Structure formats: structure tokens, C-alpha cells
Amino acid sequence: MSQLNRNIIYGILLAGLLVAPLLFYPIFLMKVLCFALFACAFNLLLGFTGLLSFGHAAFFGMSAYVTAHAVKVWGLPPEIGILAGMVVGAGLGLVVGLIAIRRQGIYFAMITLALAQMVFFFALQAPFTGGEDGLQAVPRGHLFGFISLANNTAMYYFVLAVFLIGFLLIWRVVHSPFGQVLKAIRENEQRAISLGYKVDQYKLTAFVMSAALSGLAGSTKSLVFQLASLTDVHWHMSGEVVLMTLLGGMGTLFGPVVGALLVVSIQNYFATFGAFVTIIQGVIFVACVLMFRRGIVGEFNAFISRRRNQKREAEKAVPGGHADKPAGRTPPSAGAPETA
Amino acid sequence: MAELLGFPPQVLFGQLLLGLINGAFYAILSLGLALIFGLLNIINFAHGAQYMMGAFFAYLLLNILGIGYWPALILAPLLVGVTGIIIERLFLSRLYKLDHLYGLLLTFGLALILEGVFRHLYGVSGLPYAQPAALQGGQNLGFMYLPNYRAWVVVASVAVCLGTWLLIEKTKLGAYLRAATENPTLVQAFGINVPVMITLTYGFGVALAGFAGVLAAPIYSVNPLMGSNLIIIVFAVVVIGGMGSIMGAVLTGFGLGIIEGLTKVFYPEASSTVIFVIMAIVLLIKPAGLFGKAH
């Protein structure tokens, strides 16, 4: 795909997002955007650093509580409330990250899960979270003091702006030298250490960033639904964000967005069937792990690059067919990128 | 002896007993996790769901076939073991060459499916399962009242843990198992069928979880969600103990159960989080775990 084509596609996507509230129920769209940001933040850790955290609900949920409390009880404006939620998410991420990066692989997953469960029990017992009831009827307030967010359309564009800021930030991080080091850690941690990178510092920074952005998603969600509850900090939520990322394609930028859209749609569609949502999520997990580990966007990208290679091979086969290609560049064999 | 450390002894010993019972479940479950991890390199997230299945099989055996507690104590774990073998053959065996994380994700999915199916069929309110007639009542020990069934749970779980330890450390089969944990290729070269051993180990590990489930059924009600919260605590137990040693897993399980019970007496607010706090402290001081090998 040339850069021009790509820009056209991005433009269409953005235009689609701008007109979407005319076609779809805005609350649904906002839910998708919040979870898409959450999944993108999670993917920064799983997809680009290779760390599987099973405790991201802690950051998402705690930030939701902080924002809801700040806005509802202290009467702070929404932007300050969200900022406070993000700061708490980042702080919590720093503490959890410092403990969890002491082990690798599955231990890392188990430790984050256990620490998040601790946060869950804290949220259950602490007085400011409202226990089983959660914090309800959180006012959305006025953005910057004059834009009322009570209207769903206004709220939608605010959530869209938050999502785009978060997404572009992640895009920037992934394509920075810092992001390259993260990918190096993902591919071969020992080698990254031997090259002189302070791997633990990079991991911790990525963890805190991911936690802060998850917090941003949780804070925004608490304003959209005007609710922060135990569901947000439950381990089920941690599982859901893993599912979104896995289904969409970990390590791809758009994968988590696609995954979030699908998972939220399933939740909405099957909401009345109770336990069926859990069963379907379980089946998707099993299917993803057994059949398409690259996820939807990952498989799509692989398909595109495979086709491009086939085309190149075909052009090469016809004499003179590749006159516009730079000389001396040997295209990789058609099967090669599949194994990558 | 009216008071002990400022608490009536009934309260103190009562909580200690509860802690010991929770510890028994932690021990059996973390033992199974450690066994499975040793050979399969998979952290079995479905372990809690399989514990729940053990309790449900006992309940179903009683209510559909009229089979009582004692036969169920053998049959239900066997059934759980058989489902485990099917799961291993169908799903897990395809993952051994991949990153360990995929095993965790797959078994997480399986746990969601099992939990969802039982929730769909039986709701979340919990089903009663009566104590066996032979173990009703209790003993008055002077300083506390000891219900017979609870004493049995502690005795049975200690026996199962010791039996498993003897099996692995003192028998030829156990020697094969330990050898295959160290180097499966070499053991296979000696003519031992390692894939079958892997399958059976998974079956045995989850059967242990099923056994714990049957033991738990008369104490806690039979509930589709009974395993999911437990498994997270057991993960913390495994991280604290390290998965290097069988005895380590058992001792850590019982020890943490007792600590949790005592916390309920002295500082009840922290009782649900104390194990996670201990995990954090252990990770800061000795990241490999109390019995783990640094690598």
C-alpha cells in the first residue's frame, strides 16, 4: 500500500468516526471507543513489549473510581477528574510494575493478576468506592467550564478526541526509538540486555504508560456511563481486554480497536443471555489460540503481504515485467513472511 | 484459660481451623499446578474450574444416580481427570512448541467456558451438598469444638499431599516423571512414552483439583464461581512458594492458609489481601519464591 493510499484510508476512517453518531447509538460507540483505547494501551505492553498482564482491570477500574469520586463528591470539572484518574492509574502502574517485572513470562501474568485482585478487594472495602453499589449518577459536568457534556453527541466528540489523543500517542511511542527497544525486548530479552539496554527500566516505563492510558480509558468510561463499579476492577475485565487484543491482533496498531468493537458488540447483542457471553468469550479465546494467533488484523496483514509477494514473483517471472523496480533487489520467497 | 492474646480461644482456634482448611485446598491445588507446570510448561488457568467441576460431579452423582459421598470422593476426581485427558489431547498437546503464554490464554478460555456452562445450567445461587452421615457432629476438645467433617478434610488433604509426594519422590514412576521434567527428549530416548506420561500427568493434576472440589462441597455450597476466586489466590501461593518443589508447594499452601486464618482474628480487614501482600514482599526479597530455584 502506498503512503497516499494509506492516507486516504485513514481519512475515510476518521470521517466515518465523525459521522458515526448519526448512524449508531452514541453510548454504544463511546463504549467501543473507551474499550478500544483500553485495549490499545494494553497492547502497548502485550503486543509491543511482550509482557502479558492479567491485571489491567486494576488501572482501568481504579481510575474510573477516582474520576467518578473527584467529579461527583469534590465537584471537580471533568478534565481535571480524568487527569486525576490517569495520575492514579500511572501511580498504581508504577507500584504494580515495580513488583511484577521482577519475574518473567507466566509468573508476570500471575503476579499482575494477584495484585489486581488485591486492588479489587481494596475497592470492595474502601469507603470511597461505594462497595457493591459503586459510584452512581456521576455528573458529566462542563468541559473547560463551558461545554456541557450532558448531551450524548457532545460527549461522543469528547470521547473521540480522548481516544484519538491516546491512539496517536501510542502510535508515536511504537514508532519511536523507544518503541524499537521495546520490540527488541519482546523478540529477545537476553540480547537486548547484552546490547546494553536497561531492560527493566524500559519495561517499567512501558508498564506505567500502559497503566496511565488504561486509566485514561477507565476515567472516560466512568463519565460516559456516569458509573464506576466493581465490574471495572474485576479480573473478568482484565480477561476481556486480553481477549480484545488477542482477537484483533496483538502487536498491530488497529487490532485492539477491531477486537474491542467485536467484543463490545457481542456483549451488547448477547447481554440478555447471561452466561452465554462468558461461554462465547471462552470459545473465542480457544479458537484464537488454536487457529489464528495473529488475530484478525494480523492475519489480514499477513494475507496482504503474501499477495504482494506473489505479485512480485509473477512480475519477476515475466521478462521485463519489473522494469520499474530497483535493480538488484531480490524479493523474498512467497512462503517466507508467513513464518515471521 | 479464658483469653488468649486478648481473644477467646474458641475464636482463635476456630479461625485457625478455618485457615487450616483453606490451606488444605491451597495445598492440593498448588500441588496440581506445580505438577502440571513441571511437565507441560503450562499454567493451568482452568484449575479453579476443574475444582468446581469436582464439586459439581459429586452433587450430580448424588442427585441423579444416588451415589453418595464416599464413592463420589473417588468417582468425581476420576471424571474430572478424564475430562482433563480429553482437554490435553484435543487442545493443550498442540501448544507445547509455542510460547508458554498461549497455554495460559487457552486454559483461561476453557475456564470461562466451563464456568459459563455451569452458570447457565445451575445459576449462581449455590447448591447444598450434605455432609456424609459418618462425619456429622463433632468433638469437644475442651478449648474448642471440632466438627468431624472439618477434621476429616485436613486429614484427607494431608494424606493426599503426602501420597503424591511419595509417588513422585520414592517410586520408579515418579523418577521417570522427574527425569522427564528435567529433559523429556533424553527420557524418550530411553524408551519411555513421554507423551502418554504428559497426558496422564495433566489428568492426575486436574483430578487432584476435582478431589479438592469434592472435599469442599459440604463446607461451601456447590457454586459455578467457587473456583475462580480461589485460583487467583492459589496463583499467589504458587508465586510465593515457587514451583520447584512438591513439598514446598504443600507447605506454602498450608502455611498461608493458617496466616490468612490468623489475620481474620487479629486484623479482619486485611484477611482477603494478606496473601497478596506476602506475595509482594516475597517478590521484593526473593523473586524466585521461597522454594524456587533461581534461573
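Caption draft 1: Looking closely at the overall build of chain A. For chain A, the helix and strand inventory stands at 13 helices and two strands. Taken over the C-alpha trace, chain A has a radius of gyration of 21 Å; the compact-globule value for 340 residues is 20 Å, and the two agree within 12%. Taken along the three principal axes of its C-alpha coordinates, chain A extends 75 × 50 × 40 Å. Split into buried and exposed, the 340 residues of chain A put 46% on the buried side.

Caption draft 2: Local environment of the interface of chain B and chain A. Taken together, the contacts link 33 residues of chain B with 35 residues of chain A. Looking at the side of chain B that touches chain A, the elements that each hand over two or more residues are helix H4 (100-122), helix H9 (226-241) and helix H11 (274-285) of chain B. Considered class by class, the residues forming the side of chain B that touches chain A number 23 nonpolar, six polar and four charged.

Caption draft 3: How the structure looks around the nonpolar core. Core analysis: the biggest nonpolar cluster contains 197 residues, and Leu37 and Ala114 of chain A have the highest contact counts within it. In terms of residue count, the dominant contributor to this core is helix H2 (residues 26-49) of chain A (17 residues).

Caption draft 4: Seen up close, helix H11 (residues 255-270) of chain A. Relative to the 22 Å expected for 16 residues at 1.5 Å per residue, H11 of chain A spans 22 Å between its end C-alpha atoms, a close match to the ideal helical length. The set of residues buried in H11 of chain A consists of Gly255, Pro256, Val257, Val258, Gly259, Ala260, Leu261, Val263 and Val264 of chain A.

Caption draft 5: Inspection of the domain arrangement of chain A at higher detail. All names here are of chain A. We note that the domain assignment places domain 1 (22-293) and domain 2 (294-318 + 329-340) within chain A. A straight line from the C-alpha centre of domain 1 to that of domain 2 covers 33 Å. Every contact between the two is made by 13 residues of domain 1 and, on the other side, seven residues of domain 2. When residues of the side of domain 1 that touches domain 2 are traced back to their parent elements, those giving at least two are helix H10 (235-248) and H11. Each residue belonging to the side of domain 1 that touches domain 2 can be placed in one class, and the counts come to seven nonpolar, five polar and one charged.

Here is what the cut-offs are and how they apply
- Residues numbered from 1 in each chain as written.
- Chains lettered and ligands numbered in written order.
- Predicted model: local features only at pLDDT ≥ 70, side-chain atom pairs only at ≥ 80, totals over all residues.
- Helix = DSSP H or I, 4+ residues; strand = E, 2+ residues; numbered from the N terminus.
- Rg over C-alpha atoms; globule rule 2.2 N^0.38 Å.
- Buried ≥ 20, exposed ≤ 12 C-beta atoms within 10 Å, placed from the backbone.
- Contact = placed C-beta atoms within 7 Å.
- Nonpolar A, V, L, I, M, F, W, Y, C, P; charged D, E, K, R; others polar.
- Core = buried A, V, L, I, M, F, W, Y, C linked by C-beta atoms within 7 Å.
- Expected span 1.5 Å × (residues − 1).
- Domains from an automatic or database assignment.

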